[in-house]
Amino acid sequence: MGKHTVEKIGGTSMTRFGELLDNIFIGDRRGAKLYNRIFVVSAYGGVTNMLLENKKTGEPGIYGSFAAGNQREWQEKLDATTAFMIELNRSFEKIGLDPNKADTFIKDRMQGVRNCLLNLMQLRSFGHFQGDNYLAPIRELLSSIGEAHSAFNSALILQAHQVNARFIDLSGWKNRETGTMEETIRAHLKGIDFARCMPIVTGYAKCAGGVMAQFDRGYSEITFSKIAVVTGAREGIIHKEFHLSTGDPKLIGVGKVRQIGYTNFDIADQLSDMAMEAIHPQAAKAMERKNIPIRVDNAFDPGNPGTLISREYVSPTPRVDMICGRKDLTAVEVFDPEMVGASGYDYKLLGAFARHKVCYIAKNTNANTITHYVPEKSAGLDDALAELAADLPGARIQKLPIAIVSVLGTNMKFPGFLSRAAKALAGANINILALDQSMRQVNMQFIIERKNFDAAIKALHREFVEAEA
């Protein structure tokens, strides 16, 4: 195991780079203490939305407009995105960014993108070139621009502060060779003495199969994980804009939640199911296998050690670590008297889900009813249900909007837990529609009506966190 860490910084934090200089990159570090740290950076906040599409609203960016064949629109958006990135450059001049070098770099990249897209528009006009042939590579190309921009700027700024920083471009710009991500990482980091050099690495890494195609917008955490594993890091660190806490401070109240000091990869998986990723689950798996712990800290709370996620940690005393949940779920209930004693009935449901790429968060069964709880925005859900309705003519299949509230902990094996939870929810006048818990007792899930979501979170937090303080 090496002496170095691999540290990942998100886009919103990158936009506040002046504060990051004081909190993370430099601060009171001098000499050797500056090094043995590899930084993986995301694009500045909002840039990837402009390059691809808005992650929340779906509004098309350059990619979306190009894919739709709107030549004027994608060129206008390319101009607007270039202007926005140059405006970002202006905001970093006071902390040492050389505007001429920074502007030249991003203008060259964006002009290269323009030329590529114009050539593809010309090819598409012949009718022999279908979108399936080139849209995925274009999405990859556009994705890489944001991370290259922020990483290049970061290295320039750090160099201006006498830090031996080096821009490591994994994006494959104008590079015809494509290997695995591991091969790309090894080739670009080969020969670098981490004890004397600070690599600033793009969160996008070109690889066979395309990192966007495989991991979509979570690719920078995959890059972070791969670098940690390939280089044998002693620890991975993810710098966020908040601490991992016992609940959502915006909902519960800043003064009522407490920071979680330690947890394990098991709980990180549970959080992913609740759409509250501490780290991309596939990134976490690779580091868990290599026994590389992950620290999640608040980039703007220097000195606070954050939360350490390790393979073996279990709380020495029974307790609840976190109350969380999601209210964007649908209950898919299949009632069929024919399923009683029928071997493989559940397999039919799961087969339809698998064919239409529908994942479920939890499930309940009894003699004649099987209910799966799935994200309501699952693209293939209606097709899967139509297939099931045709295959199971005697079944009654219905969808119901629901929410799930989860109580998580590395050690929740104490008598009376369920009764306390039920009493807390009843005290808030909340009816439990269903519940789910495995024998390992790290996650108890309460299925409730959506209108009760906020109240349920607060009630369970009062019972298991605030009352225990």
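Relevant structure appears above.
Residues numbered from 1 in each chain as written. Predicted model: local features only at pLDDT ≥ 70, side-chain atom pairs only at ≥ 80, totals over all residues. Heavy atoms only, no water.

Notes on the pattern of salt bridges
Pairs can form between side chains of opposite charge once their charged atoms are near each other.
Next, step 1: In total, this model carries 26 salt bridges according to the counting rule given.
Next, step 2: For the salt bridge of D346 with K363, the shortest nitrogen-to-oxygen distance reads 2.3 Å. Pair noted here: D346 is in helix α14 (residues 345-355) and K363 is in strand β10 (residues 362-365), with a separation of 17 residues, a long-range link.
Next, step 3: The exposure class of D346 is partly exposed, given its relative accessible area of 22%.
Next, step 4: Each of R90, E93 and D103 takes part in one network of salt bridges that share partners. (Salt bridge = Lys/Arg side-chain N within 4 Å of Asp/Glu carboxyl O. Helix = DSSP H or I, 4+ residues; strand = E, 2+ residues; numbered from the N terminus. Buried < 20%, exposed > 50% of the residue type's maximum accessible area, 1.4 Å probe, protein only.)

What to know about the sheet that holds strand β14 (residues 443-448)
Next, step 1: In space, the six strands of this open sheet follow the order β10-β11-β9-β12-β14-β13, with antiparallel pairing throughout. Of all strands in the sheet, those bounded by a partner on one side alone are β10 and β13 (434-437). Each neighbouring strand pair of the sheet contributes to a mean axis angle of 30°, computed without reference to strand direction.
Next, step 2: Here helix α16 (residues 417-427) sits on the sheet in contact with β12 (396-408), β13 and β14, set at roughly 30° to β14. (Pairing = 2+ DSSP bridges. Axes fitted to C-alpha atoms, helices over the stretch in contact; angles between N-to-C directions. Contact = heavy atoms within 4.5 Å.)

Description of the pairing of β13
Next, step 1: Bridging between β13 and β14 involves four bridges; their strand directions are antiparallel. When the sheet's bridge partners are listed, D436 is paired in β14 with Q445.
Next, step 2: Between the end of β13 and the start of β14, which pair antiparallel, lie five residues, with Q441 showing a positive phi angle near 55°.

Observations concerning the side chain of D297
Next, step 1: Its location among the elements puts D297 in strand β7 (residues 294-298).
Next, step 2: The charged side chain of D297 is buried without a salt bridge, its nearest counter-charge being R295 at 6.5 Å.
Next, step 3: Not counting chain neighbours up to four residues away, the residues in contact with D297 comprise I237, I238, H239, K240, F242, N304, P305 and G306. (Lys, Arg positive; Asp, Glu negative; His and termini not counted.)

A closer look at the side chain of S310
Next, step 1: Relative to the helices and strands, S310 is located in strand β8 (residues 307-310).
Next, step 2: Apart from residues lying up to four places away in sequence, S310 is in contact with T263, N264, F265 and P293.

Comments concerning the packing of helix α12 (residues 265-273) against helix α13 (residues 281-289)
Next, step 1: Between α12 and α13, the shortest axis-to-axis distance is 10 Å and the interhelical angle comes to 170°. As the angle between them shows, α12 and α13 are arranged roughly antiparallel. Between α12, through F265, D269 and S272, and α13, the contact on the second element is made entirely by P281, A284, K285, M287 and E288.
Next, step 2: For the contact of α12 with α13, the residue count by class is four nonpolar, one polar and three charged. (Parallel < 35°, antiparallel > 145°, perpendicular 65-115°, else oblique. Nonpolar A, V, L, I, M, F, W, Y, C, P; charged D, E, K, R; others polar.)

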